[in-house]
Amino acid sequence: MVTTYVNGKIFLGTTENGFGDSMIIENGKIKASGNHLTPEGRVVDLHGQTILPGLIDCHTHPKYIADALHGTACTPPNVNSIKEMQAALRQSPSYGKGPDTWIEGWGFDETKLAEHRSPNRDDLDAVSTDQPIFIYRSDCHSSVGNSKALELAGIDKSTPDPVGGKIEHFADGRPTGFMREVAASQLLIRAKSAQSYQTDITNMINSSHHYLANGLVAIGEMMGRMKPYTSLKLYQDAVKAGFAPKVSIYYVFDELDSHKPLRPSGDQQLRVAGIKVFMDGSISGETAFNKEPYPSGKMGVSLTSVAKLKQEVAFARQNKLQIAIHAMGNAAVQRVINVTKDLHPWLTGMPSVRIEHASLMTDDMFAQINASPMNYALVTQPIFYFAEDESYRNYLSPAQFKTAYRVKTMRNSSALLGLSSDAPCTPWAEPDSPFYSIYAAVTRKAANGDTVNPEEAITVPQAILGYTRDAAKIGGFTQNGTLEAGKDADFVVLNKDIFTVAPKELPTVRVAETWIGGQKVYSNK
């Protein structure tokens, strides 16, 4: 069937000013797009509605999102204290379902809680000692579990800290339940996932609607796992059962056997794309690795040495994989640049090296990237300073804060700029809404009204390109990103004209319809 859409405001995604009023779709592909096309086949009048290419979140955590959607949001504006968190957990649909059902939550930030501390096992035991409870901190690096969760994970006062993580303890030696950094959190996550693989599949299938409602037709899974099962198997089973978005998987390097090859594989629906490396922690946890100390005197944590990073880069080159490197602090970012800046790209058509977050960057770092032969991507998250401004103001010096999330400078550099969510790793109830991120990138406003380095603002079209054309290039979604002839007919219809609404109204823009392969897969009606 051939369908012609006319009388629309269609952002083609080719340039900042690339608009058309019509497009022709045949067999799930864009046959033609532009202005005043001669209609073919069935004609659909768009009545002036705004159309975007299908949006792409090239750095997110779909497995975590799937868990979070059936869990409890422990975030403002509804949860502002440990007492309110306990009340919210008691309202979880999982509450009271018996010892085999985990109660899950996400998004707490101790700086936003009235008690100004993280919850611990005793706080969660007040909710239940029969059911295991697991809550992600806002950065998704750290977490907290109750006594039952610790028991199922086999964690007691004698359990050693995993490499790169820390099990916190009370003065009497008991684990507090707080698991600092990813390696420690994984001890609880593996216990939870091992309990019910089918539950994980069901949660993934159910999360498909969430992505489509946000206009997201493709996503990057940035926490691919080999244990207790491979992420590829989880997605394969979920896709068979109806999970709709396209997915690129990046496996955490520390879970791989570095002596065994891992090749890029799959297709545009589901593919293994690269490896994920952690250089440091988070700014809101004071664990991002900085050159200069935080005002508190802390330096953050270095999770990957120069020698190990060289080994990881070599593995990516040998296997023709992308390497996506989490680096928030300026010392972490500099280490990535130092190791890769004199190398030549091993991939064509997409960046070989992705620097994820790139939260604190100096002019000198941008100069080194611009002078390098390497093809870089900078994948950053405006939602972070939107939702976590208080932490950044509290933990960073004024000089450090001035270098935070330099989106305009990133865009003007030789690197590709991708905007993404890192969801659910931020204390906001809608962590992967593209429209909050676009609002933050354009206005530089935080949720609390603060203005964050306004000279780094970009325009609405530029922000949208970070979610479409450039995100597609970064994530290897070659059939997406633009509405040009030959591309997949994946697009979204908006409820408002995002290009003309007042900047303060950008967070109120919503997806009215999402289409994949020329088929409507979501409608808000």
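About the cut-offs
- Residues numbered from 1 in each chain as written.
- Predicted model: local features only at pLDDT ≥ 70, side-chain atom pairs only at ≥ 80, totals over all residues.
- Heavy atoms only, no water.
- Helix = DSSP H or I, 4+ residues; strand = E, 2+ residues; numbered from the N terminus.
- Rg over C-alpha atoms; globule rule 2.2 N^0.38 Å.
- Buried < 20%, exposed > 50% of the residue type's maximum accessible area, 1.4 Å probe, protein only.
- Contact = heavy atoms within 4.5 Å.
- Pairing = 2+ DSSP bridges.
- Axes fitted to C-alpha atoms, helices over the stretch in contact; angles between N-to-C directions.
- Salt bridge = Lys/Arg side-chain N within 4 Å of Asp/Glu carboxyl O.
- 1 Å grid on protein atoms, 1.4 Å probe; cavity = no way out; pocket = protein on both sides within 12 Å on 5 of 7 lines; lining within 4 Å.
- Points joined across faces, edges and corners; volume = space filled by probe spheres on them.
- Nonpolar A, V, L, I, M, F, W, Y, C, P; charged D, E, K, R; others polar.
- Right-handed = clockwise from strand over helix to strand, strands pointing away.
- Phe/Tyr/Trp six-rings, centres within 6.5 Å; stacked < 30°, edge-to-face > 60°.
- Lys NZ or Arg CZ within 6 Å of the ring centre and 35° of its normal.
- Parallel < 35°, antiparallel > 145°, perpendicular 65-115°, else oblique.
- Left-handed = near helix turned anticlockwise from the far one by under 90°.
- Core = buried A, V, L, I, M, F, W, Y, C linked by side-chain atoms within 4.5 Å.

## A closer look at the overall build of the chain
Per the secondary structure count, the chain includes 16 helices and 25 strands. In terms of overall dimensions, the chain is globule-like: its C-alpha atoms have a radius of gyration of 22 Å, near the 24 Å expected for 525 residues. For the chain, the proportion of its 525 residues judged to be buried stands at 62%. In the chain, the share of contacts with a sequence separation of at least 24, taken over all contacts with a separation of at least 6, comes to 72%.

## As for the sheet that holds strand β6 (residues 42-45)
Taken in spatial order, the four strands line up as β5-β4-β1-β6 in an open sheet, and their pairing is mixed. In this open sheet, the two edge strands, each paired with only one partner strand, are β5 (29-34) and β6. Mean inter-strand twist for the sheet, computed between neighbouring axes without regard to direction, equals 20°. Two strands pair when backbone bridges link them, and strand β4 (residues 22-26) and β5 are joined in this way by five bridges, in the antiparallel orientation. Pairing of E26 across the sheet is with K29, part of β5.

## Re the pattern of salt bridges
Tallied over the entire structure, the rule returns 36 salt bridges. Between D109 and R137 there is a salt bridge; the shortest N-O distance is 3.6 Å. With D109 in the loop between β10 (103-108) and α3 (121-125) and R137 in strand β11 (residues 133-137), this pair connects stretches of sequence that are 28 residues apart. The class for D109 is buried, based on a relative accessible area of 2%. Residues K402 and E455 are paired through a salt bridge, measuring 3.5 Å at the closest nitrogen-oxygen approach. With K402 in the loop between α12 (398-401) and α13 (407-412) and E455 in the loop between α14 (434-443) and α15 (460-467), this pair connects stretches of sequence that are 53 residues apart. The structure contains a network of salt bridges with shared partners spanning K29, K246, D488 and D490.

## Side note on empty space enclosed by the protein
One way to see where empty space is left: roll a probe the size of a water molecule over the atoms. In the structure shown here, the tally under the stated rule is five cavities of 30 Å³ or more. Its volume calculated, the largest cavity comes out at about 130 Å³. Lining the largest cavity are 13 residues, with K63, I189, S193, R225 and Y229 sitting closest to its centre. Elements with a minimum of two residues in the lining of the largest cavity: α1 (62-69), α5 (182-195), β15 (216-224) and α7 (231-240). Per element, the largest residue contribution to the lining of the largest cavity is three residues, and it comes from α5. Residue composition of the lining of the largest cavity, by class: six nonpolar, three polar and four charged. Each pocket or cavity is described by its volume, and for the second largest cavity that value is around 60 Å³.

## Details of the pairing of strand β18 (residues 270-278)
Across the nine residues of β18, nine count as buried, placing the element largely inside the fold. Sheet topology places strand β16 (residues 246-252) next to β18; six bridges connect them, and they run parallel. Its bridge partner being in β18, V252 is matched across the sheet by K276. Linking strand β17 (residues 265-266) to β18, which pair antiparallel, is a turn of three residues. Pairing of β18 with strand β19 (residues 322-327), which is carried by five bridges, proceeds in the parallel orientation. When the bridges of β19 are listed, G274 appears paired with Q322. As for the winding sense of the linkage, the β-α-β connection from β18 through helix α8 (residues 306-319) to β19 is right-handed.

## Details of the packing of aromatic side chains
Describing an aromatic ring pair means giving the distance of the ring centres and the angle of the ring planes. Taken as a whole and judged by the stated rule, the model has 19 aromatic pairs. Between Y235 and F243, the aromatic rings sit 6.0 Å apart at their centres with planes inclined by 65°, giving edge-to-face as the arrangement. Across the pair, F243 and Y235 agree in class, each one buried. Ring centres of F253 and F315 lie 5.4 Å apart, and the angle between their planes is 75°; this geometry places the pair in the edge-to-face category. Note that F253 is positioned in the loop between β16 and β17 and F315 in helix α8, a separation of 62 residues in sequence. A relative accessible area of 4% places F315 in the buried class. By the ring-pair criterion, three or more aromatic residues cluster together here, those being F384, Y385, Y392 and Y405. Taking the ring centre of F19 as reference, the NZ or CZ of K9 above it sits at 5.7 Å.

## As for unusual backbone geometry
P76 connects to P77 through a cis peptide bond whose omega is 5°. The topology assignment puts P77 in the loop between β9 (72-73) and α2 (82-90). Phi at D422 is positive, roughly 60°, even though this residue is not glycine. Within the secondary structure, D422 sits in the loop between β22 (416-419) and α14.

## A word on α1
Of all the eight residues making up α1, seven are buried; the element is thus mostly covered by neighbouring parts of the structure. Listing the buried residues of α1 in full gives P62, K63, Y64, I65, A66, D67 and A68.

## So, the packing of helix α9 (residues 330-340) against helix α10 (residues 363-371)
Direction vectors running N to C along α9 and α10 enclose 20°, while the axes themselves pass 11 Å from each other. It follows that α9 is roughly parallel to α10 by the angle criterion. In the crossing of α9 with α10, the sense of the turn from one axis to the other is left-handed. Listed contacts from α10 to N330, V333, Q334, I337 and N338 of α9 are M365, Q368 and I369.

## Some remarks on the nonpolar core
Residues I275, I323, V353, I355, L378 and I498 are the most contacted members of the largest nonpolar core, which totals 112 residues. Ignoring any residue separated from it by four or fewer positions in sequence, one finds I498 in contact with F435, I438, V460, I464, L506 and V509. Grouped together as the second largest cluster of nonpolar side chains are 21 residues, W102, A149, L188 and A191 included.

## Regarding the sheet that holds strand β2 (residues 9-11)
Taken together, the six strands give an open sheet; going across it, the order is β3-β2-β7-β23-β24-β25, and neighbouring strands pair in mixed fashion. Among the strands making up the open sheet, the edge pair consists of β3 (19-20) and β25 (519-523). Bridge analysis of β2 against β3 gives two bridges, and the strand direction is antiparallel. By the bridge assignment, I10 is partnered in β3 with G20.

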